[in-house]
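The residues making up each chain are set out below.
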Amino acid sequence: MIGRFKSLLAHWTRGIRRRLAGNRYHPEEHYMRGPGPKTRAKSAGRAGTSGS
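What counts, and at which threshold
- Residues numbered from 1 in each chain as written.
- Predicted model: local features only at pLDDT ≥ 70, side-chain atom pairs only at ≥ 80, totals over all residues.
- Heavy atoms only, no water.
- Helix = DSSP H or I, 4+ residues; strand = E, 2+ residues; numbered from the N terminus.
- Buried < 20%, exposed > 50% of the residue type's maximum accessible area, 1.4 Å probe, protein only.
- Areas by Shrake-Rupley, 256 points an atom, 1.4 Å probe, with all protein chains shown as cover.
- Patch = residues over 30% accessible without salt bridge, like charges linked within 9 Å, V, L, I, M, F, W, Y side chains within 5 Å.
- Salt bridge = Lys/Arg side-chain N within 4 Å of Asp/Glu carboxyl O.
- Expected span 1.5 Å × (residues − 1).

As for the overall build of the protein chain
So, step 1. Secondary structure summary: the protein chain contains 2 helices and 0 strands in total.
So, step 2. Burial analysis of the protein chain (52 residues in total) assigns 0% to the buried set.
So, step 3. With an accessible surface of roughly 5,600 Å², the protein chain has 58% of that area assigned to carbon and sulfur atoms.

Structural notes on a nonpolar patch on the surface
So, step 1. Nonpolar side chains collect at one region of the surface, where Phe5, Leu8, Leu9 and Trp12 lie side by side and expose about 430 Å² of accessible area between them.
So, step 2. Mapped onto the fold, Leu9 is located in helix H1 (residues 2–21).

Some details on H1
So, step 1. End to end, H1 covers 28 Å across 20 residues, agreeing with the expected 28 Å (1.5 Å per residue, within 8%).
So, step 2. Looking at the residues trailing H1, positive phi occurs at Gly22, about 85 degrees.

See below:
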């Protein structure tokens, strides 16, 4: 019985801490840098040919 109470109390305190901490996800920390060198080489090759 005491073990269940302790786990329930721990669950509640974790939830309260998460709510007080706020949103910790910052998208600027997870941005993608863009296409790599192979993609740039392919697009540079295509830019040299004209469609007309």
